[in-house]
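Residues per chain are reported as follows:
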Amino acid sequence: MEGAKEFGLRNVSSHCSISDMDDYDLSRLLDKPRLNIERQRSFDERSLSELSIGLTRAGLDNIDSTYSPGGRSGFDTPASSARNSFEPHPMVAEAWEALRRSLVFFRSQPVGTIAAYDHASEEVLNYDQVFVRDFVPSALAFLMNGEPEIVKNFLLKTLQLQGWEKRIDRFKLGEGAMPASFKVLHDPIRKSDTIVADFGESAIGRVAPVDSGFWWIILLRAYTKSTGDLTLAETEDCQKGMRLILTLCLSEGFDTFPTLLCADGCSMIDRRMGIYGYPIEIQALFFMALRCALALLKPDAEGKEFIERIAKRLHALSYHMRGYFWLDFQQLNDIYRYKTEEYSHTAVNKFNVIPDSIPDWVFDFMPCRGGYFIGNVSPARMDFRWFALGNCVAILSSLATPEQSVAIMDLIESRWEELVGEMPLKICYPAIESHEWRIITGCDPKNTRWSYHNGGSWPVLLWMLTAACIKTGRPQIARRAIELAESRLLKDAWPEYYDGKLGRYIGKQARKYQTWSIAGYLVAKMMLEDPSHLGMISLEEDKQMKPVIKRSSSWTC
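The structure reproduced in this document is the subject of the present report. (Residues numbered from 1 in each chain as written. Predicted model: local features only at pLDDT ≥ 70, side-chain atom pairs only at ≥ 80, totals over all residues. Heavy atoms only, no water.)

### A word on the overall build of the protein
Right, so step 1: Broken down by element type, the protein carries 19 helices and 13 strands.
Right, so step 2: Looking at the protein residue by residue over its 557 residues, the buried ones come to 61%.
Right, so step 3: If you sum the accessible surface of the protein, you get close to 22700 Å²; carbon and sulfur atoms cover 51% of it. (Helix = DSSP H or I, 4+ residues; strand = E, 2+ residues; numbered from the N terminus. Buried < 20%, exposed > 50% of the residue type's maximum accessible area, 1.4 Å probe, protein only. Areas by Shrake-Rupley, 256 points an atom, 1.4 Å probe, with all protein chains shown as cover.)

Pasting the structure below:
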């Protein structure tokens, strides 16, 4: 375990701590001077085919301008030099104060933010830990505010944790697995800090997170894009960290699909909700992480092979997702008329989906103009539910074509009451209930209909919706959603989620002062004020990954 040796780590199981490791300065890897080189073209504008041709080029030249010089965040517009010149909403100052209160320190250095600062709750559970997925909006808020140090520390600290030998009930996890969360324990007597990580062995359901590694790569790219500091991504430790994550998800086996097979509870929807198989959230994050890794990997002896594998996987994945996961009025009508038991390469109904399995609600939900990526596609089964995170990430990563991105925004506008209601944004729609709820969730009392993951409304999704709105040229949608959030969030003490068909009620078990609800609001506000920030979390379309699908992406009656 090379990484472990370099960090001074022993081969320990995941429940061990790193209190006794050699004193490690988080800035050790950042001694090199910060790069600020004027480059010719942005990687985001280059095609995968160009990359496969130019793999012999040295250094990070193959990514061209991961950083846009002159203090820019990604678009050709400078970052707002008058960040505080406008009259901010009174909530903004309160949000920043609450976000800073959630900071976690390891040996006097900030390394993340806890999930929730809810002192009123009797059960802390794991809300006092730093979650990888939860920290992303916090990280973006700090980057947008010109405070990258905490993000750098977080990336390096989680990279150390990846180097641990991870065993759960005597079974070893893949070497590249990232933790779901970690906790810092302070010993005031010995004056020492200890980190304890959770890779799934303490989680409800004992499921390891698939999304943590993807978010780590996406955040590394956001840090690089925002600061222009290529030295962090260039280090061998970060390069190795990316390769280990990619080794896990690019391995070949018996699966005939380019999508990633996953268990229930492996993502933001971290309880059983019937997403086993190929959930849209993981596929969209997988696609985005692959594109970010492609921008950051060095085309050296080890990186070249991964770059080639990523390019091939992206082509296959984009074709599969844009064709088989996409649903609009015309496609729904096609599925409704499917023949079954088709055999051979000429089969139209390739997954043998029985038309009678289409739920009744879809026919009323689907507008004449608009569309979305459905929740799951696997043999004889389509999950027609709408999932917010997967569709927003599909837009940001350009997994969705420009036409499909517009169609998703058309759907949100057409079905505003159902998907936004009185509090942005429904994590999924519709809720499952009655007998179906008993079977699919295992009678989970927290995931009752229109609550928590089962159709609850999550304020954190506001930042993703805002980013998607800006990218598709629909900022007015984001503005409307932010105004809704501002009418309630502070007054309700920043809840984790809301309940009810319209998101009218504070979630029955929602924590107050939920950090990603706070950070999500701040990121949405800053992005709307200065759209150039979008560049750190958005990727432009790759012109070589055009869909082969002949039908229109958004059907008009």
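Structure's up, so let's keep going.
### Examining the pairing of strand β7 (residues 192-198)
Right, so step 1: Counting buried residues in β7 gives 5 out of 7 residues, a clear majority hidden from the surface.
Right, so step 2: The pairing of strand β6 (residues 181-187) with β7 spans 7 bridges and is classified as antiparallel. In the sheet register, Ser181 faces β7, and the bridge partner there is Asp198.
Right, so step 3: Between the antiparallel neighbours β6 and β7 lie 4 residues, among them Lys191 with a positive phi of about 55 degrees. (Pairing = 2+ DSSP bridges.)

### Some remarks on helix α4 (residues 132-144)
Right, so step 1: Under the 1.5 Å per step criterion, the end-to-end length of α4 is 19 Å for 13 residues, consistent within 8% with the ideal 18 Å.
Right, so step 2: Within α4, 13 of the 13 residues are buried, leaving the element largely enclosed by the surrounding structure.
Right, so step 3: Phi turns positive one or two residues past the end of α4, at Gly146, with a value near 75 degrees. (Expected span 1.5 Å × (residues − 1).)

### Description of the state of the cysteines
Right, so step 1: Applying the stated rule across the entire model yields 0 disulfides.
Right, so step 2: No disulfide involves Cys249; its sulfur sits 9.8 Å from the nearest other cysteine sulfur, which is in Cys262.
Right, so step 3: You can call Cys249 buried: its relative accessible area is 7%. (Disulfide = S-S within 2.5 Å.)

### Some details on the pairing of strand β2 (residues 109-113)
Right, so step 1: Alignment of strand β1 (residues 103-106) against β2, held across 4 bridges, turns out to be antiparallel. Residue pairing in the sheet places Phe105 in a bridge with Pro110 of β2.
Right, so step 2: Hairpin geometry of β1 and β2 is characterised by an intervening segment of 2 residues between the two adjacent antiparallel strands and by a positive phi of about 50 degrees at Arg107.

### Quick notes on the environment of Leu290
Right, so step 1: Tracing the chain through its elements places Leu290 in helix α9 (residues 280-296).
Right, so step 2: With 44 residues separating them in the primary sequence, Leu290 and Leu246 have C-alpha atoms 8.0 Å apart.
Right, so step 3: The contacts of Leu290, once residues within four sequence positions are left out, are Leu246, Leu250, Ile310, Arg313, Leu314 and Leu317. (Contact = heavy atoms within 4.5 Å.)

### A short note on helix α14 (residues 402-414)
Right, so step 1: Taking 1.5 Å of rise per residue, the 13 residues of α14 would be expected to cover 18 Å, and the 18 Å separating its terminal C-alpha atoms lies within 8% of that figure.
Right, so step 2: What α14 keeps buried is the set Gln404, Ser405, Ala407, Ile408, Met409, Asp410, Leu411 and Ile412.

### Structural notes on unusual backbone geometry
Right, so step 1: Going from Pro424 to Leu425, the amide bond is cis rather than trans, its omega being 5 degrees.
Right, so step 2: Note that Leu425 resides in the loop between α15 (416-419) and β11 (428-429).
Right, so step 3: Cis geometry is adopted by the peptide bond preceding Pro430, which originates at Tyr429 and carries an omega value of -5 degrees.
Right, so step 4: Relative to the assigned elements, Pro430 resides in the loop between β11 and α16 (434-441).

### Remarks on the pattern of salt bridges
Right, so step 1: Summed over all chains, the structure comprises 18 salt bridges.
Right, so step 2: In this structure, Glu305 and Arg309 form a salt bridge, with 3.6 Å as the shortest nitrogen-oxygen distance. One end of the pair, Glu305, and the other, Arg309, are both in helix α10 (residues 301-325), 4 residues apart, so they sit about a helical turn from each other.
Right, so step 3: Overall, Arg309 belongs to the partly exposed group, its relative accessible area being 28%. (Salt bridge = Lys/Arg side-chain N within 4 Å of Asp/Glu carboxyl O.)

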